[in-house]
Each structure stands twice: as C-alpha cells, then as structure tokens.
Amino acid sequence: MEQLKFGNVFDEQSAKEMLEQAAPFIELMMQYRCALMEVETKLKVLNEEFSLTYDHNPFESIKTRLKSPAGIIEKCRRKGFDVTLENIENNMFDIAGIRVICSFPEDIYLLADYLIQQDDIILINKKDYIAKPKENGYRSLHLIVDVPIFLSDEKKHMKVEVQFRTIAMDFWASLEHKLRYKKDLENSDQIATELKQCAEESARLDYRMQQIRNQIEK
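Since the model is a prediction, treat every value here as computed from it, not as a measurement.

(A) Representation of the packing of helix α5 (residues 167-180) against helix α6 (residues 188-217). Interhelical geometry of α5 versus α6 gives an angle of 170° and a closest axis separation of 9 Å. Taken together, α5 and α6 sit at an angle that is classed as roughly antiparallel. Contact with α5, carried on its side by A168, M169, W172, E176 and L179, involves L195, C198, A199, S202 and D206 of α6 and no other residues of that element. Classifying every residue of the contact of α5 with α6 gives seven nonpolar, one polar and two charged.

The following block contains the structure:
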C-alpha cells in the first residue's frame, strides 16, 4: 500500500494529491469513531441495567478519544513502520480509546467481564496493571477488544482500547502524567519514589472504601 505523505502544499496539484490521500485516512478515522460509539453504548447499557436492577452504577464517568494524526504518525515512525492505512490498522490498537472511571476496584472487573462476555466482542489483549502495577505505581485495567461496526455496504471489525480505573487511580495517573513531563526536575529519583508511595496509599484507600461499601450492602 502506498505510504501516506504529509508535507507542505506548494501548488494546486500538490493540494489535490494530498486531498486524495487524506480521504481514505478520514474514512478510517470515521470507522474508529463508530467503533467507539459501539463500545460506549454497550457500557452505558450495562450501567443502566445495573442502576435499575441492583440500584448500583458500576461506573462514574466515561470518556472517548481518537489519537490525533500527529500522534499516529509519531507512533508509526517510533515503531519503525511506514505510515500506511494497512500498517495503522494492523499495528496500532490504541487509536480509538475509552476510559471508564469506576468507584471501586470490584466494579472494574465486574464491568470488564460483562463487556467481553458479549458475543460480538472479541478480547484481543488484556493487561491488568491493578493486580500487577507498573514500576512507577500506575494502576489500571487495559483491554484491547475487537468490535464489529455495520456500515451501509459492509460489516467491519475495528479495535478499541478500553481502560478501567477507579477515581483514585485516575486522579493519581492524571497528576503523575503532568509531573512526569516537567523538565529539569531536581531530585527526580526522590519524586518518583514519593509518587509510587502515593499510588500505594491510593490503592489502600480504594480497597478500604470497597470494604466499607461491602459492609453497608450486607
């Protein structure tokens, strides 16, 4: 497949060529948006059902995002493959992303299990950074799922990354992300140690709150 080119527009012919190349990319991004809508709807349906049946909402909020064209190009080059539509679809599984914020760790696993049990969802990969946190303390459950979308003339399978976090995990990850990109930090090792300790304290708080919730429900 021809490599997608991104550069300056010097004349009318160059502009025409760039538009012709952009059209398939725009269509692909539309398909990823459709896949996001499919998965988001499934999660919202589960939330509605649990709210009615069990008087319990398994998640607090849900956010979707598409990786930017610049981010896609940068990652393609970082991974060492040409920027083509085929390479994007076959090698990048985080273009379409959903972040689900839950109140308690138990809700994360409950919601994730119900999602991947649906007969049109295929689990591609699962990384449990709650059971096995990253070295810096990061905690989250990451799923890569395959979901079908139904277009006017075809059915197509798309991949979506779904991240599940508690409120505390999301709070820690957001602040850690901001601090990590600060430049010229003094005592960076000490700061990393303190951030990891904060992650561990947040995790303990998560499970204490979960125990309290379970006691109340009993």
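(B) Region of interest: the pairing of strand β5 (residues 155-166). In terms of burial, β5 is a largely internal element, nine of the 12 residues being buried. In this sheet, β5 lies alongside strand β2 (residues 96-102) in parallel orientation, the contact comprising six bridges. Across the sheet, residue C102 finds its bridge partner in β5, namely T166.

(C) Broad picture of the nonpolar core. The biggest cluster of nonpolar side chains holds 41 residues, and the ones touching the most others in it are V39, L43, I98, V100, V160, V162 and F164. Elements with a contribution of two residues or more to this core: α1 (12-54), α2 (69-79), α3 (85-91), β2, α4 (105-116), β4 (141-150) and β5. The element that contributes the greatest number of residues to this core is α1, accounting for 10 residues. Discounting chain neighbours no more than four positions away, the residues touching F164 are L43, V100, C102, I108, L111, A112, L115, S140, L141 and L143. If you look at the next biggest cluster of nonpolar residues, it comprises six residues, including Y129, Y138, W172 and L195.

The rules we used
- Residues numbered from 1 in each chain as written.
- Predicted model: local features only at pLDDT ≥ 70, side-chain atom pairs only at ≥ 80, totals over all residues.
- Heavy atoms only, no water.
- Axes fitted to C-alpha atoms, helices over the stretch in contact; angles between N-to-C directions.
- Helix = DSSP H or I, 4+ residues; strand = E, 2+ residues; numbered from the N terminus.
- Parallel < 35°, antiparallel > 145°, perpendicular 65-115°, else oblique.
- Contact = heavy atoms within 4.5 Å.
- Nonpolar A, V, L, I, M, F, W, Y, C, P; charged D, E, K, R; others polar.
- Buried < 20%, exposed > 50% of the residue type's maximum accessible area, 1.4 Å probe, protein only.
- Pairing = 2+ DSSP bridges.
- Core = buried A, V, L, I, M, F, W, Y, C linked by side-chain atoms within 4.5 Å.

So far we have only geometry, and geometry alone does not tell us how the molecule works.
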